[in-house]
Amino acid sequence: MRRIASHLALLPTGIVSNPIVTLRDGEVVDIGQWERLDAMEGVEFYAGILVPSLVNTHCHIELSYLKGQIEPRGGFAAFAAGMARTRDLFSPEQRIEAVRRADMEMWQEGVGAVGDIANDLSAFAVKEPSHIRYRTFAEVFGLRTASIEALEPMLHHNDTSLTPHSTYSLQDNIFKHICCEGSAPLSIHFMESPGEQELYEGHGTLHDWYKTQGWECDFLHYGSPAERITASIPAERSVVLVHNCCVTQRDIDIIMSHFTAPVYWTVCLGSNDYISGLMPDIDLLRRNHLNICVGTDSLASNTSLSMIEELKRLKEYPLDEILTWATANGADALGYGDSLGRLEVGKRCGLAVIDALDYENRTLTEKSTCRRVL
């Protein structure tokens with residue numbers, strides 16, 4: 001039995017003061033409030049705010065070996081060129097060791113679940129025995145890709161399902177096939193750059209690149225990425241839309257008028273800043289009362305996989321709100337909301353503490369850190 005107390009705690013009902021959480025074998029059996037800790041024996045006190053394990057809703061952990069290898073702020077074309085130039089410079093041993101370090105660091109910083117994009121089998125040797133729970137999205141991409149055969153070995157691993165990379169990188173038949181087969185959530189890179197919409201309009205960087213390569217798209221008749229999604233994905237299938245830097249009110253209206261299943265809108269601000277400097281309109285997402293989640297993307301496009309560093313970029317917003325994005329919303333997006341993401345009796349949600357708060361304004365500070373308690 002452990003009794004853990006703090007200044008604050010994030011509960012499903014909001015932030016409470018003077019919490020004391022009682023746990024038995026990792027299960028929350030009671031949540032109360034303390035008045036005088038000096039009168040209580042056997043209580044562990046941690047300064048800050050107690051939260052359930054964080055959820056990194058979008059990550060590419062297999063790319064951890066590329067940390068610091070690609071120059072920041074070069075834009076999407078330079079990033080793609082950097083990936084092509086550097087990804088064959090590392091041995092399998094270097095790659096797997098980088099994944100091990102990344103997994104360990106996320107665990108120590110309080111992450112309990114990850115929505116992980118995979119293009120090969122390399123990271124499963126770390127992910128399967130990990131303390132972190134991974135929902136793996138086996139990503140299908142390439143305008144010349146016509147089969148999922150190469151990805152089928154990944155589907156033998158736990159919590160692994162197919163997903164299309166984006167609305168601009170797959171032809172119509174295979175995109176529809178992936179979207180209509182199965183019931184697991186989909187995770188789709190969406191409106192990360194202006195070129196995605198411009199492609200459907202017959203101009204822009206993506207359009208020009210495809211033209212120089214001699215590639216033709218058979219899906220531009222949909223008119224927009226949002227309209228392609230709603231025409232291809234059943235309304236009852238949940239989807240995680242990732243990045244959302246160039247999302248408009250029209251995109252939101254199209255998407256939300258179609259789906260009956262929850263839609264999750266994931267932001268990866270560190271990656272956006274690293275690649276292009278483009279940022280999602282958080283206020284627009286909030287005004288529409290959307291399910292916002294938080295991800296880190298990869299170490300190829302970010303300086304770390306630290307969720308607390310991502311949350312610091314959002315510290316202008318209410319603390320309970322951004323912490324919910326990084327816990328309950330993320331857990332729900334990955335299909336883990338029944339066990340993770342909420343600090344409540346009966347859950348084995350894990351426990352972390354975020355310290356160095358501005359208690360008067362209830363915000364994070366630049367000195368805030370997150371570490372695992374349970």
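Residues numbered from 1 in each chain as written. Predicted model: local features only at pLDDT ≥ 70, side-chain atom pairs only at ≥ 80, totals over all residues. Heavy atoms only, no water.

**Considering the sheet that holds strand β10 (residues 186-190)**
For clarity, the threshold we go by: When DSSP finds at least two bridges between two strands, those strands are taken to pair. The helix and strand labels rest on DSSP assignments: H or I over at least four residues marks a helix, E over at least two residues marks a strand, and numbering proceeds from the N terminus. Every axis in this analysis is a line fitted to C-alpha atoms, fitted for helices over the stretch in contact. Angles between the N-to-C directions lie between 0 and 180 degrees.
Spatially, the four strands line up as an open sheet ordered β10-β11-β12-β13, and their pairing is parallel. Both edges of this open sheet fall to β10 and β13 (291-294), since each of them pairs with a single strand only. Going from strand to strand, the sheet's axes swing by 30 degrees on average, the running direction of each strand aside. The pairing of β10 with strand β11 (residues 239-243) spans five bridges and is parallel. Each bridged residue has a counterpart across the sheet, and for Ile-188 the counterpart in β11 is Leu-241.

**Looking at the side chain of His-189**
Heads up, the rule is: Whether a residue is buried, partly exposed or exposed follows from its accessible area with a 1.4 Å probe, protein chains only, as a fraction of its type maximum: under 20%, in between, or over 50%, in that order. Polar contacts here mean pairs of N or O atoms no more than 3.5 Å apart (in protein, one a potential hydrogen donor and the other a potential acceptor; neighbouring residues in sequence count only if both atoms are side-chain atoms). Working rule for contacts: check all heavy atoms of both residues, and any pair within 4.5 Å makes them a contact.
Relative to the helices and strands, His-189 resides in strand β10. On the basis of relative accessible area, His-189 is assigned to the buried category, the value being 5%. A polar atom in the side chain of His-189 sits 3.4 Å from the side chain of His-58. Setting aside anything within four residues of it in sequence, one finds His-189 in contact with His-58, His-60, Glu-139, His-165, Ser-166, Thr-167, Glu-196, Val-242 and His-243.

**Considering the sheet that holds strand β7 (residues 111-118)**
If you walk across this open sheet you meet the four strands as β6-β7-β8-β9, and the pairing is parallel. One side of each edge strand has no neighbouring strand; the edge strands of this open sheet are β6 (54-59) and β9 (160-164). Across the sheet, the mean angle from the axis of one strand to that of its neighbour is 20 degrees, orientation sign disregarded. Sheet topology note: the strand β8 (residues 133-140)/β9 ladder contains five bridges and is parallel. In the sheet register, Glu-139 faces β9, and the bridge partner there is Thr-163. Where helix α2 (residues 92-108) meets the sheet, its contacts fall on β6, β7 and β8, and the angle it forms with β7 comes to roughly 145 degrees. Against the sheet, helix α4 (residues 172-180) touches β8 and β9, its axis set at about 145 degrees to β9.

**Things to note about the environment of Leu-50**
Among the structural elements, Leu-50 can be located in strand β5 (residues 43-51). Between the alpha carbons of Leu-50 and Pro-19 there is a distance of 8.3 Å; along the sequence they are 31 residues apart.

**Remarks on the state of the cysteines**
For clarity, the threshold we go by: Disulfide assignment relies on a single distance test, namely cysteine sulfur atoms paired within 2.5 Å.
A full pass over the atoms with the stated rule returns zero disulfides. Between Cys-180, a cysteine without a disulfide, and Cys-179, which holds the nearest cysteine sulfur, the sulfur-to-sulfur distance is 6.5 Å. Of the cysteine sulfurs around Cys-349, a residue in no disulfide, the closest is that of Cys-370, at 13 Å.

**Re helix α7 (residues 225-232)**
For α7, a buried count of six out of eight residues is recorded, marking the element as mostly surrounded by other parts of the structure. Next to the buried residues of α7 lie α4, β10, α5 (194-201), β11 and α8 (249-258).

**So, the pattern of salt bridges**
Going by this rule: When a carboxyl oxygen of Asp or Glu is within 4 Å of a side-chain nitrogen of Lys or Arg, the pair counts as a salt bridge.
All told, the structure shown has 18 salt bridges when counted by the stated rule. Between Arg-73 and Asp-273 there is a salt bridge, with its nearest N and O atoms 2.5 Å apart. Here the residue Arg-73 occupies a position in the loop between β6 and α1 (75-86), and Asp-273 occupies one in helix α9 (residues 269-275), the gap between them amounting to 200 residues. Look at Arg-73 and you get exposed, because its relative accessible area is 53%. Looking at Asp-273, the relative accessible area reads 23%, which means it is partly exposed. With its nearest N and O atoms 3.8 Å apart, the salt bridge here joins Asp-273 to Arg-313.

**A short note on the side chain of Ser-301**
Relative to the elements of secondary structure, Ser-301 occurs in the loop between β13 and α11 (307-312). Side chain to side chain, Ser-301 and Ser-271 meet in a polar contact 3.0 Å long. Setting aside residues up to four positions removed in sequence, Ser-301 forms contacts with Phe-79, Gly-270, Ser-271, Tyr-274 and Ile-275.

**Some words on the nonpolar core**
Let me state the cut-off plainly: Nonpolar cores are built from buried Ala, Val, Leu, Ile, Met, Phe, Trp, Tyr and Cys residues. Side-chain atoms within 4.5 Å join them into one set.
Of all hydrophobic cores here, the largest spans 74 residues; its most connected members are Ile-49, Ile-61, Leu-241, Trp-265, Leu-314 and Ile-354. Looking at this core element by element, the count peaks at five residues for helix α12 (residues 319-333). Excluding residues within four positions of it along the chain, Leu-314 makes contact with Leu-269, Ile-282, Val-294, Ile-322 and Trp-325. Val-16, Leu-23, Val-28 and Leu-351 belong to the second-largest nonpolar core, a separate cluster that totals 14 residues.

**Focus on the packing of aromatic side chains**
In plain terms, the rule: Aromatic pairs are defined between Phe, Tyr and Trp rings, using the six-membered ring for Trp, whenever the two ring centres lie within 6.5 Å; interplanar angles under 30 degrees are classed as stacked, those over 60 as edge-to-face, and all others as tilted. Our definition puts a charge over a ring when NZ of Lys or CZ of Arg is within 6 Å of the ring centre and also within 35 degrees of the ring normal.
In the structure shown here, the tally under the stated rule is eight aromatic pairs. Between Tyr-317 and Trp-325, the aromatic rings sit 6.2 Å apart at their centres with planes inclined by 50 degrees, giving tilted as the arrangement. In this structure an aromatic cluster arises from ring pairing among Trp-209, Tyr-210 and Trp-215. Over the face of the ring belonging to Phe-124 we find Lys-127, whose NZ or CZ atom lies 4.5 Å from the ring centre. Looking at Arg-228, its charged tip hangs above the ring of Phe-219, at a distance of 4.0 Å from the centre.

**Structural notes on the pairing of β6**
Here β6 lies mainly inside the structure; six of its six residues are buried. Relative to β7, β6 runs parallel, the two being bridged by four bridges. By the bridge assignment for β7, Leu-54 is matched with Val-111.

**A word on the packing of α5 against helix α6 (residues 205-213)**
For clarity, the cut-off: Three classes are used: nonpolar for Ala, Val, Leu, Ile, Met, Phe, Trp, Tyr, Cys and Pro, charged for Asp, Glu, Lys and Arg, and polar for all others, with Gly counted as polar.
Running from N to C, α5 and α6 point in directions that differ by 65 degrees, and their axes come no closer than 6 Å. Here Gly-195, Glu-196, Glu-198 and Leu-199 of α5 come into contact with α6, specifically with Thr-205, Leu-206, His-207 and Tyr-210. Considering only residue class, the contact of α5 with α6 consists of three nonpolar, three polar and two charged.

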